[in-house]
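# Overview (structure and organization)
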Amino acid sequence: MDILHTLSALRHRLAQEPAVALVPTMGNLHDGHIDLVRRVQPHAPCVVTSIFVNRLQFGPQEDFSRYPRTLEEDCARLKQAGCAVVFAPPENEMYPEPQTVTVDPSPLQDELEGAIRPGHFRGVATVVLKLFHMVQPQVAIFGKKDYQQTLILRTMVRQLALPITLLAAETVRAPDGLALSSRNRYLSPAERQRAPELHQALKAVAEALKQGKTPQESLERGQLDPTCWRTDYMVVRRAQDLGAPTPEDRSLVVLGAARLGSTRLIDNLEVLR
Ligand code: PAF
C-alpha cells in the first residue's frame with residue numbers, strides 16, 4: 001500500500017490504473033470506514049482512501065483542532081483491508097492558497113445539519129469535488145449515517161455531470177445499536193452507555209410510522225430524556241430528497257441529532273411504510 005502526501009505523487013501513482021474507487025475520510029478510522037473500503041473493492045481494482053481533516057467544513061466553535069488524527073493506526077487498518085493507496089495531503093497541499101472558489105450545494109445545505117452548522121456542507125462539497133478532481137475516481141462511496149451529506153453529494157454529482165458513480169453504504173453499528181462515528185471517542189463511559197438511546201428513539205419513530213401513525217404522532221414516541229440529551233432535531237422526511245412527506249410518500253427517513261454532554265451525535269433510519 002502506498003501512502004502519498006502530494007498531488008504530483010498521487011497523479012504519478014494512478015496514471016496507469018484503469019479504474020479507481022475513492023473512499024473519502026477524515027481519518028480516525030473505525031469499522032464503518034473499513035466496511036466502505038471492502039464494499040467498494042469489487043467496483044475498481046485500485047481503492048484510494050483519502051485522509052484529510054477538512055478545516056472548511058468545521059464552524060469556528062467546532063472540534064477542528066481536537067479532531068483525532070491517527071494516521072499511523074489508520075494506515076495499518078487500511079493495509080489489512082486491501083486499500084491500494086492512502087492519500088493524506090497536508091493542509092497546504094489541499095489548500096495552497098485561500099479557497100475562494102467553493103461549491104454551494106442545493107437549498108438542502110441550509111436545513112437540518114446545515115441549519116445547525118452554517119457553511120458545513122459548502123465545506124464538504126468543496127473538498128469532495130476537489131478530491132474527485134485530484135483522484136479522478138470512477139466510483140466513490142459514502143456512509144448513510146451522514147444521510148444529508150450523501151444526498152447533497154449525489155445532487156452535486158448529478159447536477160455537475162461528474163462521471164462518477166456514487167455508492168451509499170448502510171450504517172455500521174455497535175452491538176447495542178450506536179452508529180459508529182469518530183466522535184464516539186469523545187463520550188465518557190457514562191455517556192457511552194446512554195448513547196444508543198438515540199438509535200432507540202429513531203427505531204420507536206420508525207415503528208410508529210410503519211404502524212400507520214402520522215409523522216407528528218410518531219415523533220412523540222421518539223423523545224430523548226431532556227435531562228441528559230439536548231436534541232437539535234428529530235424529524236421525519238421524504239427519503240428521496242428530504243422534503244416534507246405527504247401522506248402518499250412511502251419511502252421516509254427519520255433523522256436525529258442530539259448532544260450528550262459536549263458530544264454531538266447524528267443518526268437516521270430509513271422507513272418503508
Ligand atoms: O464524511 C466525512 O468524513 C467528511 O465529511 C468527508 C466526506 C470526508 C469530507 O471531508
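Please refer to the structure higher up on the page.
The sections below set out a description of the structure shown in this document. For clarity, every value in this text was computed on a predicted model and none was experimentally measured. (Residues numbered from 1 in each chain as written. Predicted model: local features only at pLDDT ≥ 70, side-chain atom pairs only at ≥ 80, totals over all residues. Heavy atoms only, no water.)

### Some thoughts on the nonpolar core
Judged by nonpolar contacts, the single largest core of 31 residues is most densely connected at Val48, Phe132 and Met156. At the level of elements, α1 (7-14), β2 (20-25), β3 (46-51), β4 (85-87), α6 (120-135), β5 (139-143) and α7 (147-159) are the ones that each hand at least two residues to this core. Apart from the residues lying within four places of it in its own chain, the contact partners of methionine 156 are Val103, Ala125, Val128, Leu129, Phe132, Ala161 and Leu162. Ranked by size, the runner-up nonpolar core spans 22 residues in total, among them Leu224, Trp229, Leu252 and Val254. (Core = buried A, V, L, I, M, F, W, Y, C linked by side-chain atoms within 4.5 Å. Buried < 20%, exposed > 50% of the residue type's maximum accessible area, 1.4 Å probe, protein only. Helix = DSSP H or I, 4+ residues; strand = E, 2+ residues; numbered from the N terminus. Contact = heavy atoms within 4.5 Å.)

### A closer look at unusual backbone geometry
In this structure, asparagine 28 takes a positive phi of about 50° despite not being glycine. Of note, asparagine 28 is situated in the loop between β2 and α2 (31-40). Of the residues examined, asparagine 28 reaches a relative accessible area of 6% and is grouped as buried. Even without being glycine, glutamine 136 reaches a positive phi, approximately 50°. Along the polypeptide, glutamine 136 turns up in the loop between α6 and β5.

### What to know about the packing of α1 against α6
Contact geometry of α1 with α6 gives a least axis separation of 9 Å together with a crossing angle of 50°. Between α1 and α6, the angle falls in the class oblique. Only His133, Met134 and Val135 of α6 make contact with α1, whose side of the interface consists of Leu7, Leu10, Arg11 and Leu14. By residue class, the composition of the contact of α1 with α6 is 5 nonpolar, 1 polar and 1 charged. (Axes fitted to C-alpha atoms, helices over the stretch in contact; angles between N-to-C directions. Parallel < 35°, antiparallel > 145°, perpendicular 65-115°, else oblique. Nonpolar A, V, L, I, M, F, W, Y, C, P; charged D, E, K, R; others polar.)

### Points about the layout of surface pockets
If you add up the space inside the second largest pocket, you get close to 230 Å³. Around the second largest pocket, the lining comprises 17 residues; the ones closest to its centre are Ile51, Phe52, Val53, Arg69 and Pro89. For the lining of the second largest pocket, the per-class residue count stands at 10 nonpolar, 4 polar and 3 charged. (1 Å grid on protein atoms, 1.4 Å probe; cavity = no way out; pocket = protein on both sides within 12 Å on 5 of 7 lines; lining within 4 Å. Points joined across faces, edges and corners; volume = space filled by probe spheres on them.)

### Thoughts on the sheet that holds strand β7 (residues 229-238)
Ordered in space as β7-β8-β9, the 3 strands form an open sheet in which the pairing is antiparallel. In the strand order of this sheet, the two ends are held by β7 and β9 (263-272), each with one partner. When strand polarity is set aside, the average angle formed by the axes of neighbouring strands in this sheet is 10°. Taken strand by strand, helix α9 (residues 197-210) contacts β7, β8 (251-260) and β9, and its axis lies near 25° from that of β9. (Pairing = 2+ DSSP bridges.)

### Digging into the sheet that holds β3
In sheet architecture, strand pairing relies on hydrogen bonds along the backbone and comes in two forms, parallel and antiparallel. A sheet is described by the order of its strands in space; here 6 strands give the open sequence β1-β4-β3-β2-β5-β6, paired in parallel fashion. Sheet topology places β1 (2-4) and β6 (165-169) at the edges, where each strand pairs with a single neighbour. The sheet shows a mean angle of 25° between the axes of neighbouring strands, taken without regard to direction. In the packing of α2 onto the sheet, contacts are made with β2, β3, β5 and β6, and the angle to β5 comes to roughly 150°. Of the strands in this sheet, β2, β3, β4 and β5 touch α6, which is tilted by about 150° from β2.

### Section: the environment of leucine 260
By the element assignment, leucine 260 lies in strand β8. For leucine 260, a relative accessible area of 2% gives the class buried. With near-sequence residues (within four places) excluded, leucine 260 lies in contact with Leu187, Glu191, Arg194, Ala195, Cys228 and Trp229.

### Examining the side chain of aspartate 249
Locating aspartate 249 in the fold gives a position in the loop between β7 and β8. By relative accessible area, aspartate 249 is classed as buried at 16%. A polar side-chain atom of aspartate 249 sits 3.4 Å from a polar atom in the side chain of arginine 238. The contacts of aspartate 249, once residues within four sequence positions are left out, are Arg238, Ala244 and Arg273. (Polar contact = N/O pair within 3.5 Å; in protein donor to acceptor, adjacent residues only side chain to side chain.)

### What to know about the site of the ligand
Around the ligand, a shell composed of Pro24, Thr25, Met26, Asn54, Gln57, Val124, Val127, Val128, Phe142, Asp146 and Gln149 is seen. At 2.7 Å from an oxygen atom of the ligand is found a side-chain nitrogen or oxygen belonging to glutamine 57. Here an oxygen atom of the ligand sits 2.8 Å away from a polar atom, N or O, in the side chain of glutamine 149. Elements that contribute at least two residues to the shell around the ligand include exactly β2 and α6. Classifying every residue of the shell around the ligand gives 6 nonpolar, 4 polar and 1 charged. (Near = heavy atom within 4 Å.)

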